Amino acid sequence: MAAGKTTENFLVESDGPITTITFNRPERRNCLDEGVILDFERRLHAVRDDRECRVLIVTGKGSAFCAGADHAMFKARAGAVVDAAERRRRMGEFGKRWPRLIGRAFDVLAHLDQITIGAINGYAVGGGWSFVLAFDFAIAVEGAEFWVPEVDLDVPYRGAPASVLAARLGPWRAKEAILMCRHYKAEELLAMGALNRVVKSSELMPAARELAKTMAAKSRDALAASKRDINAVFFGQRLF
């Protein structure tokens with residue numbers, strides 16, 4: 001693996017045609033705030049425009065892939081208000097912006113011409129699970145957990161990620177996941193066809209890189225065209 005560039009939020013490494021982006025906030029379980037999402041989106045744009053990159057791997061550092069929204073951010077948005085109606089109003093305003101932020105990064109990730117592989121090293125929560133749904137392939141470690149807590153935080157879980165989750169799980173299980181905020185283990189999602197593989201922790205990155213090398217050896221144009229036709233069923237037609 002070639003030397004990478006480390007920033008506050010991400011580690012980016014390039015190895016020939018394979019780029020790896022690692023969420024690099026292990027002390028916060030790689031949680032998301034507006035700055036992290038916008039930074040991730042910028043890095044996805046860089047991958048999109050990199051003609052040398054054929055495959056993108058995304059993973060996380062530490063015990064979580066991405067633990068979703070930073071709860072400190074939610075508390076700051078709600079404010080220390082006594083009036084429950086005012087708290088709901090503030091969270092409602094944020095609830096309109098948050099899905100748009102996640103959805104924008106989701107759309108860029110889902111519609112990349114490059115093949116994308118999620119190497120899910122631990123918890124994938126809320127926006128973290130949303131990003132998993134956008135990958136072409138998803139490999140998770142044993143015992144990894146997936147859930148969307150948005151409804152319990154008074155924020156709707158909407159847009160393309162919710163639609164794709166419903167398509168992957170079916171309407172009844174999607175309602176369990178979104179409305180009940182139910183937790184799913186990686187092994188359960190694998191049995192439901194919502195993951196490609198579940199491996200031991202030590203095997204995660206070797207498995208992801210082996211798959212990346214296999215995909216990088218195939219025709220770029222054939223992969224991109226075939227991927228677009230498949231994605232149109234789940235994500236809609238690519239707009240850029």
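Everything that follows concerns the structure shown earlier in this document.
Computed from a predicted structure; not experimentally measured. (Residues numbered from 1 in each chain as written. Predicted model: local features only at pLDDT ≥ 70, side-chain atom pairs only at ≥ 80, totals over all residues. Heavy atoms only, no water.)

**Re the environment of Ala 224**
Along the chain, the position of Ala 224 falls in helix H9 (residues 220-235). Residue classification places Ala 224 among the buried residues on the basis of a relative accessible area of 12%. (Helix = DSSP H or I, 4+ residues; strand = E, 2+ residues; numbered from the N terminus. Buried < 20%, exposed > 50% of the residue type's maximum accessible area, 1.4 Å probe, protein only.)

**Focus: the pattern of salt bridges**
Across all of its chains, the model carries 12 salt bridges by this definition. A salt bridge links Asp 113 to Arg 228; the nearest nitrogen and oxygen atoms lie 3.2 Å apart. You can see Asp 113 sitting in the loop between helix H3 (84-110) and strand E6 (115-120) and its partner Arg 228 sitting in helix H9, a full 115 residues away along the chain. Taken together, the shared-partner salt bridges connect Asp 39, Arg 42 and Arg 43 into one network. (Salt bridge = Lys/Arg side-chain N within 4 Å of Asp/Glu carboxyl O.)

**As for the packing of aromatic side chains**
Within this structure, the stated rule accounts for nine aromatic pairs. Residues Tyr 123 and Trp 147 carry aromatic rings whose centres are separated by 5.6 Å and whose planes lie at 85° to one another, so their mutual orientation is edge-to-face. On the criterion of sequence distance, the pair formed by Tyr 123 in strand E7 (residues 123-125) and Trp 147 in strand E9 (residues 145-147) is long-range, its members being 24 residues apart. Residue Tyr 123 is classed as partly exposed on the basis of its relative accessible area, which comes to 29%. You can call Trp 147 buried: its relative accessible area is 13%. Three or more aromatic residues link up through ring pairs in this structure, and these residues are Phe 10, Phe 23, Phe 40, Phe 65, Phe 131 and Phe 135. Directly above the ring of Tyr 184 sits Arg 182, whose terminal nitrogen or CZ lies 4.3 Å from the centroid. (Phe/Tyr/Trp six-rings, centres within 6.5 Å; stacked < 30°, edge-to-face > 60°. Lys NZ or Arg CZ within 6 Å of the ring centre and 35° of its normal.)

**Overview of unusual backbone geometry**
With a phi angle near 55°, Arg 29 is a residue other than glycine that sits in the positive phi range. Residue placement: Arg 29 occurs in the loop between strand E3 (18-23) and helix H1 (34-48). In this structure, Asn 30 is a non-glycine residue whose phi angle is positive, near 55°. Its location among the elements puts Asn 30 in the loop between E3 and H1. Classification of Asn 30 by relative accessible area gives buried; the value is 0%.

**A closer look at the nonpolar core**
In terms of nonpolar packing, the biggest core is built from 69 residues, with Leu 32, Phe 40, Phe 65, Trp 129, Val 132, Phe 146 and Leu 189 touching the most fellow members. With eight residues, the single largest contributor to this core is H3. Residues within four places of Leu 189 in sequence aside, it is in contact with Trp 129, Phe 146, Leu 169, Tyr 184, Ala 194 and Leu 195. (Core = buried A, V, L, I, M, F, W, Y, C linked by side-chain atoms within 4.5 Å. Contact = heavy atoms within 4.5 Å.)

**Some thoughts on the sheet that holds strand E10 (residues 184-185)**
Read from one edge of the open sheet, four strands run E5-E7-E9-E10, paired in mixed fashion. Whereas interior strands pair on both sides, the edge strands pair on one side only; in this sheet they are strand E5 (64-66) and E10. Strand direction decides the pairing type here: E9 and E10, joined by two bridges, are antiparallel. Paired with Phe 146 across the strands is Tyr 184, a residue of E10. (Pairing = 2+ DSSP bridges.)

**As for helix H8 (residues 204-216)**
Over its 13 residues, H8 runs 18 Å from end to end, which matches the ideal 18 Å to within 8%, given 1.5 Å per residue. Turning to H8, its buried residues number three or more, namely Leu 204, Met 205, Ala 207, Ala 208, Ala 212, Met 215 and Ala 216. Seen along its axis, H8 keeps its buried residues to an arc of 165°; they face one direction. Counted as exposed and oriented over 90 degrees from the buried face of H8: Glu 210 and Lys 213. As for H8, its buried residues are in contact with E3, strand E4 (55-60), E6, strand E8 (137-141), strand E11 (197-199) and H9. (Expected span 1.5 Å × (residues − 1). Arc of directions from axis to C-beta.)

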